[in-house]
Amino acid sequence: MAAILKPALGDDLPIIKDEIQAGACECWHIRDHGYMVTRLENNPASKTLVIVAGVGQKARPVFEIMPKVAKANGAKWLRVHSKRKGMARYLYGLGYSQTWADNETIFFKRVQ
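Criteria and cut-off values
Residues numbered from 1 in each chain as written. Predicted model: local features only at pLDDT ≥ 70, side-chain atom pairs only at ≥ 80, totals over all residues. Heavy atoms only, no water. Helix = DSSP H or I, 4+ residues; strand = E, 2+ residues; numbered from the N terminus. Contact = heavy atoms within 4.5 Å. Pairing = 2+ DSSP bridges. pLDDT = per-residue confidence, 0-100. Salt bridge = Lys/Arg side-chain N within 4 Å of Asp/Glu carboxyl O. Buried < 20%, exposed > 50% of the residue type's maximum accessible area, 1.4 Å probe, protein only. Expected span 1.5 Å × (residues − 1). Bend = angle between axes of the 7 residues up to and from the residue. Core = buried A, V, L, I, M, F, W, Y, C linked by side-chain atoms within 4.5 Å.

**Examining the environment of K76**
Stage number 1. Here K76 shows up in the loop between α3 (60–72) and β4 (77–82).
Stage number 2. Sequence spacing of K76 and M66 is ten residues, and the spatial spacing of their C-alpha atoms is 12 Å.
Stage number 3. With sequence-adjacent residues up to four places away left out, K76 is seen in contact with K47, K109, R110 and V111.

So this is what it looks like as structure tokens:
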């Protein structure tokens with residue numbers, strides 16, 4: 001699975017691989033869509049489900065269901081990290097806001 005996620009994880013692959021093995025991140029296979037890595041952050045102020053990376057196709061249904069997954073896990077926020085410029089238009093249409101950090105865009109959405 002590491003080879004499949006390598007394009008999305010880049011230089012962070014060894015770090016994320018260690019986090020998956022330690023149980024800090026989870027790797028998902030979503031039939032007919034691809035793979036993604038998530039992390040649940042238990043910050044005292046707000047629990048957040050983070051989509052760390054993903055590869056695949058037809059992602060819209062995945063992004064539509066993830067707020068429900070976040071809420072089911074007690075998260076108040078859903079956050080997506082991406083280096084792909086085309087994600088902004090796509091995620092705006094699903095109600096995400098954005099900010100920037102280093103060389104990536106961070107999208108976030110309050111879970112209702």
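**Notes on the pairing of strand β5 (residues 97–101)**
Stage number 1. Here β5 runs beside strand β6 (residues 104–110); their pairing, made up of five bridges, is antiparallel. The residue of β6 that forms the bridge with T99 is I106.
Stage number 2. Hairpin connection from β5 to β6: two residues lie between these consecutive antiparallel strands, with D102 at a positive phi of about 50°.

**A word on the confidence of the model for the chain**
Any residue range with low pLDDT should be treated as having predicted coordinates unsuitable for detailed reading.
Stage number 1. Overall, the predicted model of the chain reaches an average pLDDT of 86, with 99% of residues at or above 70.
Stage number 2. Of all helices and strands in the chain, the one with the weakest mean pLDDT is helix α1 (residues 2–9) (78), whereas strand β2 (residues 34–42) scores best (92).

**With respect to the pattern of salt bridges**
Stage number 1. For the coordinates displayed, the defined rule picks out four salt bridges.
Stage number 2. Across the pair R39 and E19 runs a salt bridge, and its minimum N-O distance is 3.6 Å. With R39 in strand β2 and E19 in helix α2 (residues 13–22), this pair connects stretches of sequence that are 20 residues apart.
Stage number 3. Take E19: its relative accessible area is 24%, and that puts it in the partly exposed class.
Stage number 4. Linking E41 and R39 is a salt bridge whose minimum nitrogen-to-oxygen distance equals 3.1 Å.
Stage number 5. According to the relative accessible area criterion, E41 is buried, its value standing at 17%.
Stage number 6. It is possible to trace a salt-bridge network through shared partners that takes in E19, R39, E41 and R79.

**Concerning the environment of A3**
Stage number 1. In this fold, A3 is placed in helix α1.
Stage number 2. Separated by 53 residues in sequence, A3 and G56 place their C-alpha atoms 13 Å apart.

**Details of α3**
Stage number 1. In this model, α3 (13 residues) spans 19 Å end to end at C-alpha, consistent with the 18 Å of a helix rising 1.5 Å per residue.
Stage number 2. At M66, α3 shows its largest bend, some 30°, and a proline, P67, comes one to four positions later.
Stage number 3. Residues of α3 that are buried sit in contact with β1 (25–30), β2, β3 (47–56), β4, α4 (87–92) and β6.
Stage number 4. Where α3 terminates, the next one or two residues include G74, which has phi positive at roughly 80°.

**Quick notes on the nonpolar core**
Stage number 1. In terms of nonpolar packing, the biggest core is built from 19 residues, with F63, M66, L91 and Y96 touching the most fellow members.
Stage number 2. The element contributing the most residues to this core is α3, with five residues.
Stage number 3. Beyond its immediate stretch of four places on either side in the chain, L91 contacts F63, V80, Y96 and F107.
Stage number 4. The next biggest cluster of nonpolar side chains, apart from the first, holds nine residues, and it includes L13, I16, V52 and A53.

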